[in-house]
Amino acid sequence: MPQDQETAMDRPPPEGSGVRGSNQSGMRAHNEKLVLTLLRQHGALAKSDIARITGLSAQTVSVIMRALESDGLLQRGEPIRGRIGQPSVPMSLAAEGAYFLGLKIGRRSVDLTLIDFLGQEVTARRRTYRYPTPDAVMGFMAEALPAVLASLPASKRARVGGLGVAMPFQLWSWVQFVGAPQAEMDAWRHRDIQAELAALSGMPVYVQNDATAACGAELVFGTGDRPKDFLYFYFAYFIGGGLVLNGQLFTGRTGNAAGVGPMPVPGPDGQMRRLLTVASMSSLAERMREAGEPSDHLWESPDHWQVSQPILSDWLDSAAAGLASATLSAAALVEMDTVMIDGWMPQPIRAEIVRRTSEALHRLDLAGIDPPLIREGTIGPQARSLGAAAIPLSQRYLIDQNAASREG
């Protein structure tokens with residue numbers, strides 16, 4: 001498709017949005033997003049199903065579907081026969097209809113991921129470091145971006161719809177925990193990384209808090225039941241979080257809502273301390289170093305941790321107790337039916353954290369509280385990278401997703 005050809009989603013969206021469609025022609029871009037959102041949530045649907053769910057007329061749905069199919073965003077399934085009238089043709093998202101880049105900037109690693117329209121990883125590049133600096137990130141991107149884009153045929157590169165960035169805000173803070181020189185980390189105060197990445201990539205760039213982006217990945221790409229209200233914890237170097245209310249990612253005034261790390265929780269000695277000091281991978285690494293166990297491998301791969309059982313079990317108990325206390329505080333303020341826990345860790349360890357957190361929560365005084373269900377997230381270690389790529393996808397093709405992201 002030529003780059004100067006207008007696609008259905010390049011038309012400017014109207015102000016405001018809702019959950020149902022409108023048959024007015026001025027709402028066409030909104031209705032296209034609505035259809036794409038439904039197909040992402042429910043899978044393949046026939047035009048009659050979409051008309052029934054949205055309240056749009058059959059004619060309006062036909063026009064929308066033809067436009068989206070023409071743009072390469074939808075594909076036809078096999079006709080369903082055996083019913084009265086014409087056979088219905090299910091339509092679904094086309095994997096090759098659009099592509100998105102996700103850059104995760106972490107305290108120990110940086111990842112660049114390319115996904116297709118279904119959220120499937122096409123290719124990825126990764127680099128670890130002792131601490132993040134703007135120069136390190138931009139140097140990585142200068143090498144990784146051309147290689148990642150080269151994985152697509154030249155004819156499909158025009159379908160890359162933007163770059164999302166998932167990164168901790170105020171990276172110059174907490175240097176005492178990271179072990180980085182304050183002067184080098186202070187460079188983040190003065191560099192406009194969003195503008196630099198936009199100039200390097202030549203595409204729209206969106207920035208979001210890394211744990212919020214991971215929560216967004218669960219919202220957009222998660223499998224199974226999607227609760228309408230849930231609190232999300234993500235284990236990385238520091239623990240972070242996200243909040244979904246009424247099915248929408250809540251980012252807050254500065255984009256840092258549900259930054260759970262600073263939440264006060266009781267420590268093993270009964271003294272109040274921040275959640276990040278008891279329920280982060282950095283606290284596990286510190287315990288390992290104190291015991292003479294190497295910990296650098298924790299940042300290399302999420303699949304195979306080599307931790308002695310006593311240290312791991314003690315950390316799991318400490319993390320679970322902190323998560324349970326934070327969950328109780330959050331549930332007292334905002335009613336929610338679910339808490340999800342995910343992170344850069346092996347799945348069996350994630351399952352054990354969920355089990356211990358649930359047990360710890362039910363040992364607390366829950367009078368007047370309807371305790372939420374504690375369950376595992378469904379995305380896994382790559383949630384931040386996928387969440388970063390989900391930001392431009394959501395901005396262009398979904399209803400009300402990641403509305404607080406900033407475009408550069």
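Just so it is clear, the structure is predicted and the values come from calculations on it, not from any experiment.

Visitor: Can you explain the confidence of the model for the protein? Please cite residues and give values.
Guide: Confidence in the prediction of the protein, expressed as mean pLDDT, is 89, and 89% of residues score 70 or more. Within the model, pLDDT remains below 50 along residues 1-26, and this stretch shows 52 contacts once partners closer than five positions in the same chain are excluded. A low-confidence stretch, residues 401-408 (pLDDT under 50), is modelled with 31 contacts involving residues beyond four sequence positions or located in other chains.

Visitor: Give a detailed account of the packing of helix 4 (residues 134-149) against helix 8 (residues 193-201), specifying residues and quantitative values.
Guide: The contact between helix 4 and helix 8 brings their axes to 11 Å, and the two run at 20°. With respect to helix 8, the axis of helix 4 lies roughly parallel. At the point where helix 4 passes helix 8, the crossing takes the right-handed sense. Across the interface between the two elements, P134, M138, M141, A142 and L145 of helix 4 pack against I193, E196, L197, L200 and S201 of helix 8. For the contact of helix 4 with helix 8, the per-class residue count stands at eight nonpolar, one polar and one charged.

Visitor: Can you explain the sheet that holds strand 13 (residues 338-343)? Please cite residues and give values.
Guide: The five strands lie next to each other as 10-9-8-13-14, forming an open sheet whose pairing is mixed. Strand pairing shows two members of the sheet lacking a second neighbour, strand 10 (248-250) and strand 14 (373-376), which therefore form its edges. Neighbour-to-neighbour, the strand axes of this sheet turn through a mean angle of 30°, independent of strand direction. Strand direction decides the pairing type here: strand 13 and strand 14, joined by four bridges, are parallel. Looking at strand 14, one finds that T338 is bridged to L373. Strand contacts of helix 12 (residues 309-333): strand 8 (230-235), strand 9 (239-245), strand 13 and strand 14, with the helix running at about 155° to strand 8, the strand carrying the most contacts.

Visitor: Describe in detail the packing of aromatic side chains, supporting the description with residues and values.
Guide: Summed over the entire model, instances satisfying the criterion amount to seven aromatic pairs. Taking the centre distance of 6.5 Å and the plane angle of 20° together, the rings of Y232 and Y234 count as stacked. This pair shows no difference in class: Y232 is buried, exactly as Y234 is. Through a chain of ring-to-ring contacts, the aromatic side chains of F100, F117 and Y397 assemble into a single cluster.

Calculation criteria
- Residues numbered from 1 in each chain as written.
- Predicted model: local features only at pLDDT ≥ 70, side-chain atom pairs only at ≥ 80, totals over all residues.
- Heavy atoms only, no water.
- pLDDT = per-residue confidence, 0-100.
- Contact = heavy atoms within 4.5 Å.
- Axes fitted to C-alpha atoms, helices over the stretch in contact; angles between N-to-C directions.
- Helix = DSSP H or I, 4+ residues; strand = E, 2+ residues; numbered from the N terminus.
- Parallel < 35°, antiparallel > 145°, perpendicular 65-115°, else oblique.
- Left-handed = near helix turned anticlockwise from the far one by under 90°.
- Nonpolar A, V, L, I, M, F, W, Y, C, P; charged D, E, K, R; others polar.
- Pairing = 2+ DSSP bridges.
- Phe/Tyr/Trp six-rings, centres within 6.5 Å; stacked < 30°, edge-to-face > 60°.
- Buried < 20%, exposed > 50% of the residue type's maximum accessible area, 1.4 Å probe, protein only.

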